[in-house]
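# A look at the structure
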Amino acid sequence: MEYFTTTSKAPRRAADCVIVGIYAKGKFGIAADDINSASKGELKRLYKSGDISGALGRVTVLNNISGVKAHRVVVVGLGKSADFGLVPFRKALAAAVKAISKTKTQQILVALTLEPGASPYYFGRATAETIGDELYRFTEMKSARKTRGMPLKKVGLSIAKRGDAGQAERGAEHGDAINIGVSLAKDLGNLPPNVCTPSYLARQAQKMAKGNGRITTRVLSEPEMKRLGMGSLLSVTAGAAEPAKLITIQYKGAGKDAPIVLVGKGVTFDTGGISLKPGAAMDEMKYDMCGAASVLGTMATIAALKLPINVNVVVPAVVNMPGSRATVPGDIVKSMSGQTIEILNTDAEGRLILCDALTYSRRYKPAAIIDVATLTGACVIALGKHHTGLMSNDDALAESILAAGQRATDRAWRLPLGDDYAAQLKSNFADMANIGGREAGTITAGCFLGKFTDGMKWAHLDIAGVAWHSGAKKGGTGRPVPMLSELVLEQSGVLPK
Ligand code: BES
Ligand code: MN
Ligand code: ZN
């Protein structure tokens, strides 16, 4: 996508479409005001007649307004002016773009007002990310490639002063790179489980390294994992015909610095194993590799921006299947760390692959290690579809992740860890059990992983609620690629001060 900035007044731009906003109670944004004047009070009349409104996300498309060069004006409600900020901005812009998504619009001018003092950088970012989100389509598996989306080519950002141009354009450029990562994460999630297997994920990782001197990909096979002592990871794949892979990607953009390590749960389908899941909506367990998808997506964003940072990705990729060779409840396995685990429920498999991936990652001497996983249904109950669950053994790391999520409008909420919860994992027969009972299921899963991260600065992101939409809008969200990207952008020192 091509982005440009402009300080010229909204009525004077010859775009296919200008997007302007009005707040609740009929307070016009600057561009709406300008268009109202140019059209001799047309917007005021439409407001009085109830055709346009300031209710957040309410959209009206107007054609051929007199005195306005653009032949389409989209008026969108911005909600209460006191509450305005990046979140309502994104909601309003998304609604506006959706409303014209069936038109042949090639060029739009985004002229939604920001509050005074708002960052032009994040305005550019949010604009690019929101448009990318709205234009995304997954059509790979449809035989007829009929409805193509809107042929948008150029997006103008209306800015208050010339001095904001550089920051706004940089924001849009970063947003566009984040879209690459988000789209990849959505695609990998949306692909069916008979296509997106552990081997498929491994091939995508190998593709990233092709022709990129900063990236090295290595894929470990089952026999190699066996030699490393990954008895926990391998117990999950025991019932599957499809081979497991341990995928590692190293991105070197900053010499000898200790890397940030991102570990992503890659269960390309989770049947539950012998502890079989019920049938309803089981297809959605194709999304059980969204942690892997999000760390691969973040890597794609990092590569697109050639960030001056070192980041490693580790993806344990498996299929969780029942079968005559499958692990059964009561089995005890030995993890790569040497700790033994009594598997009381084969459906608590994510932690079993992640613990060996965390142990493996010690070889990188990480500055920080963050695992991302669709780990527990309990997290969906606790936080719903809005916040990612965050757990950490390091307050500073947790704070920086929470802050990155805020700035990127891809938020997390911290939950506690601690010995009281960890005690729920006691086993009569092994060092620990792989489940901790019904209470605090998200936290006991976090405590389980915490037993493998001693001495490392570690954070765990449970994305079970946020990684995909169910129902009519079923599809991957690409979260938390924006949050992770914001974190690495910050660590790279390339964000505006
Ligand atoms: N992949 C699931 C978690 C999940 C379930 C994510 C539903 C999103 C929606 C995970 O492997 C799992 O099955 N967890 C179990 C753990 C339990 C057996 C302790 C769960 O949440 O029920
Ligand atoms: Mn499971
Ligand atoms: Zn799972």
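Here the structure is shown first, and the text comes after it.
Residues numbered from 1 in each chain as written. Chains lettered and ligands numbered in written order. Predicted model: local features only at pLDDT ≥ 70, side-chain atom pairs only at ≥ 80, totals over all residues. Heavy atoms only, no water.

## Describing the sheet that holds strand β13 (residues 340-342)
Note the following rule: If DSSP finds at least two bridges between two strands, the strands pair. Runs of E in the DSSP output that reach at least two residues are strands. Runs of H or I that reach at least four are helices, and both are numbered from the N terminus.
Spatial strand order, β12-β13-β17: 3 strands in an open sheet with mixed pairing. Here the strands that pair on one side only, and so sit at the sheet edges, are β12 (332-334) and β17 (432-433). With 2 bridges joining them, β13 and β17 adopt parallel strand pairing. Across the sheet, residue Glu 342 finds its bridge partner in β17, namely Ala 433.

## Some remarks on the site of ligand 1
For clarity, the cut-off: Throughout, near means a residue has at least one heavy atom within 4 Å of the molecule or strand. Polar contact is the term for a pair of N or O atoms within 3.5 Å; when the atoms are in protein, one must be able to donate a hydrogen and the other to accept it, and sequence-neighboring residues count only if both atoms are side-chain atoms. For the area figures, the Shrake-Rupley method with a 1.4 Å probe applies, and any residue is considered shielded solely by the protein chains shown. Nonpolar residues are Ala, Val, Leu, Ile, Met, Phe, Trp, Tyr, Cys and Pro. Charged residues are Asp, Glu, Lys and Arg, and all others, Gly as well, are polar.
Taken together, 16 residues sit near ligand 1, with Lys 277, Asp 288, Asp 347, Glu 349 and Gly 377 positioned nearest. Contacts to ligand 1 include Asp 270, whose side-chain N or O atom sits 2.9 Å from an oxygen atom. Separating a nitrogen atom of ligand 1 from a backbone N or O atom of Thr 374 is a distance of 3.3 Å. In the complex, the protein chains occlude 77% of the 520 Å² of accessible area that ligand 1 would expose alone. Along the lines of polarity and charge, the residues of the shell around ligand 1 split into 5 nonpolar, 4 polar and 7 charged.

## Observations concerning the side chain of Thr 217
As a reminder of what qualifies: Residues count as neighbours in contact if any of their non-hydrogen atoms are within 4.5 Å of one another.
Among the structural elements, Thr 217 can be located in strand β7 (residues 215-220). In this structure the side chain of Thr 217 is engaged in a polar contact, spanning 2.8 Å, whose partner is the backbone oxygen of Ala 205. Residues in contact with Thr 217, not counting those within four places in the same chain, are Ala 205, Gln 206, Ala 209, Thr 248 and Ile 249.

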